[in-house]
Amino acid sequence: MKYADMIRRSYFRREAEGFLELGLCDYALEALQKIDNRIMQEDAGMLYLKGECLRSLNRFQEAWGVLETVATIRPGHVYVLVSLACCQKRAGRVDLASHTIQEALLFEPENSLLHFNASCYYSLLGNKEKTLHHLNIALTLDPMCREQISEDPDFDPVRGEPEFLSLLDYVV
């Protein structure tokens, strides 16, 4: 790759990162489109950036495809797996989202966010036992997770269950 091409690619990447940070995802995508597609497909960082832009724009199906490519290029990258799972959930495939989060947990078993997300997905799937298991771990690792429970609609399927209420009382 020529030096001038490297500088150009770096410029557009920084431009896209800035737009994403400002929440201007359409502009971030425009900046990324100025990069040669062949180069883009080989750069996991830029693909991740593109996937995050698409996810932020609620274009979950498109983001899913991009993030799946990144997960192949960078196996075990937890942030990629969390974003991928989010897209899978939003695209109506909670079953796949739960598998993706389980994969992330293989790499970071002490990550409270991963356990919290796993509990959300299992709740939506109607698996009360796994919901409570992962929620218990999440709350043990980070008691601040409890602040999110009351507002998270993902727990609606188990919210009235005695075991769920007992877990919340126990953690207090």
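Evaluation of the coordinates by the stated rule reveals 3 aromatic pairs. A centroid spacing of 5.5 Å and a plane angle of 75° characterise the contact between phenylalanine 116 and phenylalanine 155, whose relative ring orientation is edge-to-face. Taken together, the residues span a long stretch of sequence, with phenylalanine 116 in helix α8 (residues 112-124) and phenylalanine 155 in the loop between α10 (146-149) and α11 (162-171) at a distance of 39 residues. We classify phenylalanine 116 as buried; its relative accessible area is 3%. You can call phenylalanine 155 buried: its relative accessible area is 0%. Aromatic side chains phenylalanine 155 and phenylalanine 164 sit 5.8 Å apart centroid to centroid with 35° between the ring planes, which places their arrangement in the tilted category. In textbook terms, an aromatic cluster arises when at least three aromatic residues are bridged by ring pairs, as seen for Phe116, Phe155 and Phe164.

Quantified by volume, the largest pocket comes out at close to 170 Å³. As for the largest pocket, its lining consists of Val82, Cys86, Lys89, Arg90, Phe116, Asn117, Cys120, Tyr121, Asp152 and Asp154. Of all the elements in the fold, those that place two or more residues in the lining of the largest pocket are α6 (78-90) and α8. Class assignment of the residues belonging to the lining of the largest pocket gives a composition of 5 nonpolar, 1 polar and 4 charged.

Okay, the pattern of salt bridges next. Note on pairing: side chains with opposite charge can pair once their charged atoms come close. Applying the stated rule across the entire model yields 7 salt bridges. A salt bridge links glutamate 52 to arginine 55, with the nearest nitrogen and oxygen atoms 2.8 Å apart. With glutamate 52 and arginine 55 both in helix α4 (residues 44-56) and 3 residues apart, the pair spans about one turn of that helix. As a salt-bridge pair, lysine 128 and glutamate 163 come within 3.3 Å of each other at their nearest N and O atoms. Of this pair, lysine 128 sits in helix α9 (residues 128-141) while glutamate 163 is found in helix α11, placing the two residues 35 residues apart along the sequence. Under the relative-accessibility criterion, lysine 128 is labelled partly exposed at 28%.

Assignment of secondary structure puts asparagine 111 in the loop between α7 (94-107) and α8. Within the structure, asparagine 111 has its side chain in polar contact with the backbone nitrogen of leucine 113 (distance 2.9 Å). Each residue touching asparagine 111, except ones within four places of it in the same chain, is listed here: Val78, Leu105 and Leu141.

On to helix α5 (residues 60-73), then. Here α5 spans 20 Å end to end across 14 residues, near enough to the 20 Å set by a 1.5 Å rise per residue. All of the buried residues along α5 are Phe60, Ala63, Trp64, Val66, Leu67, Val70 and Ala71. In the core, the buried residues of α5 are packed alongside α4, α6 and α7.

Calculation notes
Residues numbered from 1 in each chain as written. Predicted model: local features only at pLDDT ≥ 70, side-chain atom pairs only at ≥ 80, totals over all residues. Heavy atoms only, no water. Phe/Tyr/Trp six-rings, centres within 6.5 Å; stacked < 30°, edge-to-face > 60°. Helix = DSSP H or I, 4+ residues; strand = E, 2+ residues; numbered from the N terminus. Buried < 20%, exposed > 50% of the residue type's maximum accessible area, 1.4 Å probe, protein only. 1 Å grid on protein atoms, 1.4 Å probe; cavity = no way out; pocket = protein on both sides within 12 Å on 5 of 7 lines; lining within 4 Å. Points joined across faces, edges and corners; volume = space filled by probe spheres on them. Nonpolar A, V, L, I, M, F, W, Y, C, P; charged D, E, K, R; others polar. Salt bridge = Lys/Arg side-chain N within 4 Å of Asp/Glu carboxyl O. Polar contact = N/O pair within 3.5 Å; in protein donor to acceptor, adjacent residues only side chain to side chain. Contact = heavy atoms within 4.5 Å. Expected span 1.5 Å × (residues − 1).

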